[in-house]
Structure formats: structure tokens, C-alpha cells
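The primary structure of each chain is shown beneath.
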Amino acid sequence: MDGAGTHPDTRSLSHKAVGVAAGEAHTLALTGDGKVYAWGRGTFGRIGNGLEADALFPVSVDFDSAARWSQEGKRLKFVEVAAGAYHSLALA
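Summarised in this report is the structure supplied together with it.

Calculation rules
- Residues numbered from 1 in each chain as written.
- Predicted model: local features only at pLDDT ≥ 70, side-chain atom pairs only at ≥ 80, totals over all residues.
- Heavy atoms only, no water.
- Salt bridge = Lys/Arg side-chain N within 4 Å of Asp/Glu carboxyl O.
- Helix = DSSP H or I, 4+ residues; strand = E, 2+ residues; numbered from the N terminus.
- Buried < 20%, exposed > 50% of the residue type's maximum accessible area, 1.4 Å probe, protein only.
- Pairing = 2+ DSSP bridges.
- Polar contact = N/O pair within 3.5 Å; in protein donor to acceptor, adjacent residues only side chain to side chain.

1. Things to note about the pattern of salt bridges
The final tally for this structure, using the stated rule, is two salt bridges. A salt bridge links Glu24 to Arg46, with the shortest nitrogen-to-oxygen separation between them at 3.9 Å. With a gap of 22 residues between them, Glu24 in the loop between strand S1 (17-22) and strand S2 (26-31) and Arg46 in the loop between strand S3 (36-40) and strand S4 (55-60) connect regions that are remote in the sequence. Taking relative accessible area as the criterion, Glu24 reaches 55% and is therefore assigned exposed. Look at Arg46 and you get buried, because its relative accessible area is 6%. Notably, a salt bridge pairs Arg41 with Asp54, separated by 3.6 Å at the nearest N-O pair. Of this pair, Arg41 sits in the loop between S3 and S4 while Asp54 sits in the loop between S3 and S4, and the two are 13 residues apart along the sequence.

Next comes the structure, spelled out in C-alpha cells:
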């Protein structure tokens, strides 16, 4: 994999990680501002960025634009993450 052995640029995370979930071959991080990041094997869309490519470093999960906004017109804040063998979950 390209970039193996290099250090990630942690400036890509918006805030401190307050939650982490590990799946079979991917990891999720929840930040204090309610954003979700993922990295690892992208097979079956596990990373949540619309691609099936692997990600060596955290990438912001792009939630469907229709689901981004609460009924009050504010951006949803995620409070928990979970991961399984082939899926990822974020609870708002």
C-alpha cells in the first residue's frame, strides 16, 4: 500500500477522538464535535466515502446530504460509532 510506514497528518481530524470502533478490517473514530472518520479496508464501502478503496489514514465520512440536517435545520451531531465485519454505524 502506498504511504506504508509514513506518519499520518493528524491535523485532518477536526477535534480529539472521543470514541473508537474497530471492525474486521476497518476502524472508526468519533470526534468531540460529532464528526466521524474511518480508515482501513474499503471493501463493501466500509469506509463510508462512497469508494471501495482502502484508506491508510482517517478520512471524513460523507453522510448522505439528506441525512445531514436535523428537523431544526442544524447539522446532525453523531454521539456513538460501531463497526462490524462488513458495516459501520454512526448514531446521531
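2. Comments concerning the pairing of S3
With respect to burial, S3 is a largely interior element, four of its five residues being buried. Two elements, S2 and S3, share five bridges in a ladder whose sense is antiparallel. Counted as the bridge partner of Thr27 is Trp39 from S3.

3. Looking at the side chain of Thr31
Secondary-structure assignment places Thr31 in strand S2. Side chain to side chain, Thr31 and Asp33 meet in a polar contact 2.4 Å long.

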